[in-house]
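Letter by letter, the chains look like this.
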Amino acid sequence: MTDLSQTGAIAGAVVPPGPPRPGLRARRRRTLLLLRIVVLAVLGAFFLFPLLALLEFSTRGVGEDSPRTLDAWGRIVTDSTLIPAIVSSLQLAVITSVVAMVLMVPTMIWVRLRLPRVSRVVEFLCLLPLTIPAVVLVVGLVPIYAWVRYLTRTDSILTLSYAYVVLVLPFVYRSLDNGLSAIDVRTLAEAARSLGADWFTVITRVVIPNMAQAVLNAALLCVALVMGEFTIASLYNYVNLQVAIAQAGLADANMSMAVSLASLMFAFVLLLGLSFVGRWRRRHGKAAA
Amino acid sequence: MSSVTGQRSGVEVRLEELRRTYGAVTALDGLDLTLHPGELVALLGPSGCGKTTALRLLAGLEDADGGRVVVAGLDVTRVPTNKRDMGMVFQAYSLFPHMTARQNVEFGLRLRKQDGARRKKRAEEMLELVGLTAQIDRYAHQMSGGQQQRVALARALAIQPTVLLLDEPLSALDAKVRAQLRDEIRRVQLGVGITTLFVTHDQEEALAIADRVGVMRAGRLEQLGPPTEVYAHPQTPFVAEFVGLNNKLAATVDDGEAEVLGQRIPLVDKSFRPGAAMALIRPEAVKVLSEDADEGVVATVLASSFLGAISRLTLDVGGAGHVIAQLSTADALEHPAGSAVRVRVRPDPVLVTPVD
Amino acid sequence: MLPFFAYVGIFLIIPTLVVVIAAFLDGANRPTLANVSELAEPYIAKTFWNSIWVSAVSAVIGAVLGALLAYVVATGDPDGLVRTTVSSASGVLAQFGGVTLAFAFIASVGPAGLLTTWILGAEAAPTWLLSLKGLVLVYTYFQIPLMVLVFLPALDGIRPQWREATETLGGTAWDYWRHVAVPILTAPFLGALLLLFANAFSAYATAAALITQGAPIAPLQIRTAFSSEVLLGRENIGKALALGMVIVVAIVMTLNSMLQKRSSRWLR
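Bear in mind the structure is a predicted one, so any value in this text is a computation, not a measurement.

Right, let's talk about the pairing of strand β4 (residues 66-71) of chain B for a bit. Residue and element names in this part refer to chain B. As judged from the five bridges shared by strand β1 (residues 13-22) and β4, these two strands associate in the antiparallel manner. Across the sheet, the residue bridging to Leu 15 is Val 69, located in β4. Pairing between β4 and strand β5 (residues 74-75): two bridges, direction antiparallel. The partner of Val 71 across the bridge, within β5, is Leu 74.

Attention shifts here to the domain arrangement of chain B. According to the domain assignment, chain B contains domain 1 (13-238) and domain 2 (245-353). Using only C-alpha atoms to locate each centre, domain 1 of chain B and domain 2 of chain B end up separated by 39 Å.

Bringing the confidence of the model for chain C into the picture now. Residues and elements named next belong to chain C. In the predicted model, chain C carries a mean pLDDT of 79, and 75% of its residues have values of at least 70. The element-level mean pLDDT for chain C is lowest in helix α2 (residues 34-38), coming to 63, with helix α8 (residues 160-168) highest at 92. Both scores are available for the predicted complex, with the pTM at 0.81 and the ipTM at 0.81.

It is worth spelling out the sheet that holds β4 of chain B at this point. Residues and elements named next belong to chain B. Sheet architecture is open: four strands sit in the order β2-β1-β4-β5, paired in antiparallel fashion. With one partner strand each, in any of the chains shown, β2 (25-35) and β5 form the two edges of the open sheet. Strand contacts of helix α1 (residues 51-59): β1, β2 and β4, with the helix running at about 115° to β1, the strand carrying the most contacts.

So, about the packing of helix α3 (residues 42-74) of chain C against helix α9 (residues 173-202) of chain C. Residue and element names in this part refer to chain C. Packing of α3 against α9 brings their axes to within 8 Å, and their N-to-C directions diverge by 135°. Between α3 and α9, the angle is such that the two are oblique. For the crossing formed where α3 meets α9, the hand is right-handed. Residue-level inspection shows Ser 51, Val 54, Ser 55, Ala 56, Ser 58, Ala 59, Gly 62, Ala 63 and Ala 67 of α3 in contact with α9, the latter providing Phe 189, Ala 192, Leu 193, Leu 196, Phe 197, Ala 200 and Phe 201. Of the residues that constitute the contact of α3 with α9, the class distribution is 12 nonpolar, four polar and no charged.

Below, the discussion takes up the environment of Tyr 43 of chain C. Residues and elements named next belong to chain C. Counting through the fold element by element, Tyr 43 comes out in helix α3. Residue Tyr 43 is classed as exposed on the basis of its C-beta count, with 9 C-beta atoms lying within 10 Å. Linking Tyr 43 and Met 245, residues 202 residues apart in sequence, is a C-alpha distance of 16 Å.

Across the boundary between the two partners, chain A contributes 59 residues, which contact 56 residues of chain C. With 14 residues, helix α1 (residues 24-58) of chain A is the largest single contributor of residues to the side of chain A that touches chain C. Classifying every residue of the side of chain A that touches chain C gives 44 nonpolar, 12 polar and three charged.

So, on to the pairing of β2 of chain B. By the bridge criterion, eight bridges tie β1 of chain B to β2 of chain B in an arrangement that is antiparallel. Looking at β2 of chain B, one finds that Arg 14 of chain B is bridged to Thr 34 of chain B.

For helix α11 (residues 241-251) of chain A, a buried count of eight out of 11 residues is recorded, marking the element as mostly surrounded by other parts of the structure. Those residues of α11 of chain A that fall on the buried side of the exposure criterion are Leu 241, Gln 242, Val 243, Ala 244, Ile 245, Ala 246, Ala 248 and Gly 249 of chain A.

We now examine the packing of helix α5 (residues 134-152) of chain A against helix α6 (residues 160-182) of chain A. To characterise two packed helices, one gives the angle between the axes of the helices and the distance between these axes. Residue and element names in this part refer to chain A. It is the contact of α5 with α6, at a shortest axis distance of 11 Å, that shows an interaxial angle of 145°. Along this stretch, α5 crosses α6, giving a crossing that reads as right-handed. Counting all contacts with α5, which are made through Ala 134, Leu 137, Leu 141 and Val 148, the residues of α6 involved are Tyr 162, Ala 163, Val 166 and Leu 167.

Another point: the environment of Leu 111 of chain B. Tracing the backbone through its elements, the reader meets Leu 111 of chain B in helix α2 (residues 101-111). With 145 residues separating them along the chain, Leu 111 of chain B and Gly 256 of chain B place their C-alpha atoms 62 Å apart. Look past the residues within four positions of Leu 111 of chain B in its chain and what remains in contact with it is Leu 169, Gly 170, Gly 171 and Asp 175 of chain C.

What follows covers the sheet that holds strand β13 (residues 263-266) of chain B. Residue and element names in this part refer to chain B. Pairing is antiparallel in the open sheet, where five strands are placed in the order β13-β12-β11-β14-β20. Only two strands of the sheet have a single neighbouring strand rather than two, namely β13 and β20 (351-353). Each strand axis lies, on average, 45° off the axis of its neighbour in the sheet, ignoring direction. Pairing geometry for strand β12 (residues 257-260) and β13, over four bridges, is antiparallel. The residue of β13 that forms the bridge with Glu 257 is Pro 266.

What counts as what
Residue numbers run consecutively from 1 along every chain, following the written order of its sequence. Starting at A for chains and at 1 for ligands, labels are handed out in the order in which the entities are written. For a predicted model such as this one, the threshold for reporting local features is a pLDDT of at least 70, and the threshold for listing and counting side-chain atom pairs is 80 or more; totals across whole chains, interfaces and linings nevertheless cover every residue. Being paired, for any two strands, means DSSP has found at least two bridges between them. Numbered from the N terminus, helices here are DSSP runs of H or I no shorter than four residues, and strands are runs of E no shorter than two. Residue ranges for the domains originate in an automatic or database domain assignment. pLDDT: the predictor's confidence for each residue, scored from 0 to 100. Here, residues touch in the contact sense if the C-beta positions derived from the backbone fall within 7 Å of one another. The angle between two axes is taken between their N-to-C directions and runs from 0 to 180 degrees, where each axis is a line fitted to C-alpha atoms and a helix contributes only its stretch in contact. Convention used here: angles under 35 degrees read as roughly parallel, angles over 145 as roughly antiparallel, angles from 65 to 115 as roughly perpendicular, and any remaining angle as oblique. Crossings are classed by handedness, with left-handed meaning an anticlockwise turn of the near helix from the far one by less than a right angle and right-handed meaning a clockwise turn. Gly counts as polar in this scheme, as do all residues outside two lists: the nonpolar Ala, Val, Leu, Ile, Met, Phe, Trp, Tyr, Cys and Pro, and the charged Asp, Glu, Lys and Arg. Every C-beta atom is placed from the backbone, and the number of other C-beta atoms within 10 Å of a residue's own sets its class: buried at 20 or more, exposed at 12 or fewer, partly exposed in between.

This is the structure we're talking about:
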């Protein structure tokens, strides 16, 4: 290894005088910049292309060389199976979110505050759906659903929300868990209790307002997930948004492309908006943490 | 002791006219500093003063926008970090987490392709030097902050560098560990005889271990000298205020002297414009006398802080406000809170600043 | 607490148990190994193998490209536009529903797709997209974002001091990567790779939307079994298939969490 105290032993150590060259650091930074540009450009193109293709396909006119048209997009609103499917999906999304929140928020707060030993079990159960593919769940839910149909005497598509809640569990768990970790729940709860609040007040008026971001996050994830769900609905022969799109694909290709792009844009705007809100809050200071 | 550890004696390091800017911000504005062979120079200053930048330029971790770095007579300004042969201890987190203490210390030697047996021996020597033989096969996350820094020191010295660089190595540690480790570092540095640059924002640390202290502000050196001199004879108000405690007392400047607390004291800077000013006076320069003494102004003792061998009295001196005096505890006990005393200032040359 | 456990119990645990147990029951609910042994049938074994192949290849490609993208993001401004956009885009694209993704690719490289007509003229290999290789390409579209989501935290855990310390000790960039960065990142990378594999293996919707006839991969076999279960009287073959899938995924996820335990300490 070079040893500077042995004078003159290393040619590389003595650089000839002259106008200062951009230093090693600057050069390294430029290489990195080049890499960044290349990677982002190539992958950006890869990811944007199919979306552009959707746009292109959905605006094709009938027959060769006919001009671009937004007819297909117009047909989204008039199609008879699509609108009900969209409505069903939205309803499912809302129901699932609400049920998931009502189920998970109190549970997680309670576990954190009062039953820390159970948290490992809860965590395991919540992350289990990640290990069990939706297809498998479908198979296993057959008898359960037969039971549910018998009990509630309805065959409505909305019964799917029971299964959907299970599907969203891992994401809701992770989001709420992050939110709870970011605030010091225990201290807040103890402070509230020492001021005389009962547990219900603690949860609703102290903890939840402080994890509003996490709850919102989780709810929006639920919505995105439910809107995009296909597996369970199709295997049980219900028609939700995705199933409708798939069916429409056989009949009216252009329109199905259009609605695919639309639903994707919707999810994208939803989640992008969420992270920009997060960024805005970070830049302008968050409420008590 | 230097021959035992096999280190060579220190080399001279010169920073000449070093300049570094980040966009609109000038971090270093023409820094000139020479480190004599084997000496430990502490760079002291508030955050943003450029002390860390100076260290990193010396290490080669940043490029200089102007000036030179000369080590042992060789211009290394354009030499990349990994060829500069300098050992560096960072503020925190610098140990490789996937390696034991031993492997961390051996790392530099491994890069130099030393064979296993020599590496092993050297690593053990270095870890013994810093007192960590028992931790030799532990990982970073199994050690305390102080222990981690000792390993970092051993790792830096294992390669027998020509210069040792320490970037606020104690700032992330507890107060007690800090004091202990700072003496350890000095002991090792003296034993090995290596030229060392130590950066810190803690003036107590700098004064305690350095051969010379350089106080920096806004990219420039305000004063450079032995700790006793920087403390006792600060050349600028900034240095006076940054190093040690100060009283700021209302004073009137007139004809190269300041009138404060009824006394006339010569100024350090005789060209200071006449008029109202604030005099900077150290607590130990304030003499507390009994009420019936024949000199000094009258004052009342407001509070007394017991600090072990010394105590500090907070005094109310009427128009001049509050003054803090430092004296031995034995003397302080003669003037409990509430008692009346007389206060006098030592007639050494004093620094003044404009009234803000 | 009770509501939570009750709900999860009914809708998650029991179905799982149903799958596991029923796989070993025949039409009359008597224990049998017949269903499981059906899994060894050549054509079913082939579908499992196809699934593994598609999952593995898409996982590897996704892992490598995703790690590269994550590296680019990690070395940039933490609050910058690049990072925010890539992070949220990854969040969305990783969830990209099967149907819409399938259609996007049909629009791109399908028979009448944008790329196909540009490059190859009006008529081109119409079924390439439906082959296993086509499936790999489509899967990569959500594997890469998933990799970014999972691997980025690991990259964030790499401290700049490690690089600087290596340099002051005399190491080159190669030394750093070889002795420090790669050893530290290996476990998280492999863990992420396994996650990607499990993700692809479990995926149903995309393949179902693309491949409307036939069942070259395991999840689609379940689709066949589902719709033909009653007809052909092989009552529980679907459950055996499901069991097979669960086992594969469970093994992969267990390996993943073992790797996670090892590496998380170093990157805190």
